Amino acid sequence: MKRTSLFILLVVISQCSLKAQTNRTKITLDASAREYKINRNIYGQFSEDLGRCIYGGIWVGPNSSIPNIDGIRKDIVEALRKIDVPVLRWPGGCFADGYHWKDGIGPRSKRPKTINSDWGGVTDDNAFGTAEFLEFCRLIGCQPYFTGNLGSGTVKELSQWVEYVNLDNVSQITDLRKKNGRGEPWGVKYWGLGNESWGCGGHMPPEYYAYFVRRYGTFMHTYGKYKPFKIAAGPGGGDYNWTNIIMKNAGRYIDGLSLHYYSWANQKTATDFDESGWFDIMKKTLEMNELIEKHSAIMDKYDPDKRVALVVDEWGTWYKVEPGTNPHFLYQQNTMRDAVAAACNLNIFNNHCDRVRMACIAQMVNVLQAMVLTKGEKMILTPTYYVFDLYRVHQDAMMVPVKISSGNYVFRGDTLAAINCSASIDSTGKMHISFVNIDPDVSENTTISLEGFRADGIAGKILTADKMNAHNTLKDSDSVKPGKFSAFSLKGNDLEVDMPPMSVIVLELRGKAGAAVEQGNPVR
Ligand code: AHR
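Residues numbered from 1 in each chain as written. Predicted model: local features only at pLDDT ≥ 70, side-chain atom pairs only at ≥ 80, totals over all residues. Heavy atoms only, no water.

Quick notes on the overall build of the chain
Right, so step 1: When helices and strands are counted, the chain shows 10 helices and 27 strands.
Right, so step 2: Relative to the compact-globule value of 24 Å for 524 residues, the chain shows a C-alpha radius of gyration of 24 Å, a close match.
Right, so step 3: Viewed in the frame of its principal axes, the chain has a C-alpha envelope of about 85 × 55 × 45 Å.
Right, so step 4: Within the chain, contacts between residues at least 6 apart in sequence are counted, and of these 77% link residues at least 24 apart.
Right, so step 5: Summed over all atoms, the accessible surface of the chain reaches about 21,200 Å², with 51% contributed by carbon and sulfur.
Right, so step 6: Separation between the mean location of the 60 positive side-chain charges and that of the 57 negative ones in the chain comes to 2 Å. (Helix = DSSP H or I, 4+ residues; strand = E, 2+ residues; numbered from the N terminus. Rg over C-alpha atoms; globule rule 2.2 N^0.38 Å. Contact = heavy atoms within 4.5 Å. Areas by Shrake-Rupley, 256 points an atom, 1.4 Å probe, with all protein chains shown as cover. Lys, Arg positive; Asp, Glu negative; His and termini not counted. Charge placed at Lys NZ, Arg CZ, Asp CG, Glu CD.)

Focus: the packing of aromatic side chains
By convention here, two paired aromatic rings are described through the distance between centres and the angle between planes.
Right, so step 1: Following the criterion strictly, the structure yields 30 aromatic pairs and no others.
Right, so step 2: Relative to Phe488, the ring of Phe485 lies with its centre 6.1 Å away and its plane at 45°, an arrangement referred to as tilted. Each member of the pair, Phe485 together with Phe488, is buried.
Right, so step 3: Here the aromatic cluster, defined as three or more aromatic residues joined through ring pairs, consists of Trp59, Trp90, Phe95, Tyr99, Trp101, Phe128, Phe133, Phe146, Trp161, Tyr164, Trp186 and Trp191.
Right, so step 4: The aromatic ring of Tyr331 is capped on one face by Arg52, whose charged end is 5.1 Å from the ring centroid.
Right, so step 5: In this structure, Arg89 packs its charged tip against the face of Phe46, placed 4.6 Å from the ring centre. (Phe/Tyr/Trp six-rings, centres within 6.5 Å; stacked < 30°, edge-to-face > 60°. Buried < 20%, exposed > 50% of the residue type's maximum accessible area, 1.4 Å probe, protein only. Lys NZ or Arg CZ within 6 Å of the ring centre and 35° of its normal.)

Focus on the site of the ligand
Right, so step 1: The immediate surroundings of the ligand are formed by Phe46, Glu48, Gly93, Cys94, Trp119, Asn195, Glu196, Tyr262, Glu314, Trp318, Gln363 and Leu368.
Right, so step 2: Take Glu48: an N or O atom from its side chain is 2.7 Å from an oxygen atom of the ligand.
Right, so step 3: Backbone polar atom of Cys94 to an oxygen atom of the ligand: 2.9 Å apart, as the coordinates give it.
Right, so step 4: Within the shell around the ligand, the residues separate by chemical class into 6 nonpolar, 3 polar and 3 charged. (Near = heavy atom within 4 Å. Polar contact = N/O pair within 3.5 Å; in protein donor to acceptor, adjacent residues only side chain to side chain. Nonpolar A, V, L, I, M, F, W, Y, C, P; charged D, E, K, R; others polar.)

Concerning the pairing of strand β13 (residues 356-362)
Each regular strand displays side chains that alternate between the two surfaces of the sheet.
Right, so step 1: Most of β13 sits out of view: 7 of its 7 residues are buried.
Right, so step 2: By the bridge criterion, 3 bridges tie strand β2 (residues 44-46) to β13 in an arrangement that is parallel. The partner of Gly44 across the bridge, within β13, is Cys360.
Right, so step 3: Looking at chain direction, strand β12 (residues 309-320) and β13 are connected through 4 bridges and run parallel. Of the residues in β13, the one forming a bridge with Trp315 is Ile361. (Pairing = 2+ DSSP bridges.)

Some points on helix α6 (residues 206-218)
Right, so step 1: Spanning 13 residues, α6 covers 18 Å between terminal C-alpha atoms, matching the ideal 18 Å at 1.5 Å per step.
Right, so step 2: Residues of α6 that are buried include every one of Pro206, Tyr209, Ala210, Phe212, Val213, Tyr216 and Gly217, and no others. The arc enclosing the buried residues of α6, seen along the axis, measures out at 155°, which places them on a common side.
Right, so step 3: Lining the buried residues of α6 we find α4 (155-166), β9 (190-193), β10 (229-232) and α7 (240-250). (Expected span 1.5 Å × (residues − 1). Arc of directions from axis to C-beta.)

So, the domain arrangement of the chain
Accessible area lost during the coming together of the parts is what is often quoted as the interface size.
Right, so step 1: Looking at the assigned domains, one finds that the chain contains domain 1 (21-36 + 400-513) and domain 2 (40-395).
Right, so step 2: If you average the C-alpha positions of domain 1 and of domain 2, the two centres end up 29 Å apart.
Right, so step 3: Interface area, domain 1 with domain 2, both sides summed: about 3,300 Å², of which 70% is carbon and sulfur.
Right, so step 4: At the boundary of domain 1 and domain 2, one finds 1 salt bridge.
Right, so step 5: In this structure, the salt-bridge partner of Asp414 is Lys283, at a minimum N-O distance of 2.7 Å.
Right, so step 6: Taken together, the connections running from domain 1 to domain 2 amount to 15 residue pairs in polar contact (both at pLDDT 80 or more).
Right, so step 7: Contributions of two or more residues to the side of domain 1 that touches domain 2 are made by β18 (408-411), β19 (414-417), β20 (419-425), β21 (431-437), β23 (453-464) and β27 (503-513). (Domains from an automatic or database assignment. Buried area = accessible area lost by both parts, 1.4 Å probe. Salt bridge = Lys/Arg side-chain N within 4 Å of Asp/Glu carboxyl O.)

Considering the nonpolar core
Right, so step 1: Counting 159 residues, the largest nonpolar core has Phe136 and Tyr209 as the members making the most contacts within it.
Right, so step 2: At 10 residues, helix α9 (residues 336-351) tops the list of elements feeding residues into this core.
Right, so step 3: If you count residues domain by domain, this core takes at least three from each of domain 1 (21-36 + 400-513) and domain 2 (40-395).
Right, so step 4: Aside from chain neighbours lying at most four places away, what touches Phe136 is Ile58, Ile72, Ile76, Val77, Leu80, Leu88, Phe128 and Met364. (Core = buried A, V, L, I, M, F, W, Y, C linked by side-chain atoms within 4.5 Å.)

Regarding the sheet that holds β2
Right, so step 1: Judged by pairing direction, the barrel is parallel, and its 8 strands sit side by side in the order β2-β5-β8-β9-β10-β11-β12-β13 before closing back on the first. In this sheet, adjacent strand axes meet at a mean angle of 25° when their direction is disregarded.
Right, so step 2: Here 4 bridges tie β9 to β10, and the two strands are oriented parallel to one another. Among the inter-strand pairings, Trp191 is bridged to a residue of β10, identified as Lys230.
Right, so step 3: Here α4 sits on the sheet in contact with β5 (87-90), β8 (143-148) and β9, set at roughly 170° to β9.
Right, so step 4: Its contacts with the sheet place α9 against β11 (256-269), β12 and β13, and it is angled at close to 165° to β12. (Axes fitted to C-alpha atoms, helices over the stretch in contact; angles between N-to-C directions.)

Written as structure tokens, this is what we have:
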């Protein structure tokens, strides 16, 4: 063997053995320092009138051969009920600023046909409108979150939408509702004031949009016990100027400010990637932490009491569409990489629950980072679905602050923290810890010091795979799903966990927690 080949071989061998080594991560969880509640709305979702999210995904119509409840797919309802979706945003997205709600009420045969100009110019028969969406929310047990039209709609139109769904009194608008078969108001709490108003929602400068927020918001009245919770369209990614101007000029008129941020890799499909594609998505995903901290710091300047929630109402991975599908329909597969990215984001939201009090993954069915994919009458659950299932335990639990010194995930000279985690104590006193090991090759030995909590029993679940792009298909729908996890041991107050590569783990600790500090943010 030539000297140079021998040298290369030795370098490769040494790198492989380095990769196989187990790093060490140290975590401290101080249960007595719990102060903030993890608002269950952090586990919210987004369903836009886009591609096959609504039509074919949620709605098939009452005459379909696919089993349905008055037009809503039964299998979807059953799957989503199981993961306790707390809140669902609709009808957009970009679609919302072109949507006129009166097109989607009354007898379906009489509803106008409109064009979905944002997503492929397809004809929309408006069969899925206000009443159908609210019925879907009722069936899956979640709160509705409407995005109002500030781009092409009037103040009167939005004001009347609020009246249509929330007023319990006699008026022309409520007579219309009654004529359409609904006597009682539904009571819709969450309202978005437009969507991405800096972009598809009207390309407005922030100063101009801030006055839209004040004006449209003024005429969204409180009816009886239904007070609209008004969420202004927030920045895209790191547009800190937008946050600053909206908080300064309209902060006192809103209850929430949204943030949109996607982890993009739109040159390749969801399943077509190597480790560089994996690393890239992890790096982009972990940037969410900095975005939240910097936007929160600006919000703190105008709202030190944290009255206004940061609402991350669009987040997730975004790839090139699956081959052979309409590029405007944003249909993508979902792999172990997406599960790990989702778990990282949810840990970040949990750990910032003092300010982040709602988030909606984009999107629920058949679009972007979906929970569920459908083909005709068939349906599969994605790895991301299982992360939401595992993380349900954090909903409305008290967040336990995390101190972490993580081992590194090094790839081509770039370094990320291999492990992230969040923890909470629920109303029954159980502690749940959710860990992610983003390193696709190296297992991580982690020591957790439990302060203010004495554990006397532990159970664990894990979501992992042997390939980075492992995913579920119609033929193999159980390729990625959670299993039991038991690679942990407890010695006194020290918990040792061996986390396999690319894994999401949730531990449940039974035991006794010390008293908490006074609660900071009651769920609003
Ligand atoms: O989620 C898809 C699109 O992404 C939404 O319509 C828009 O708000 C964002 O740019």
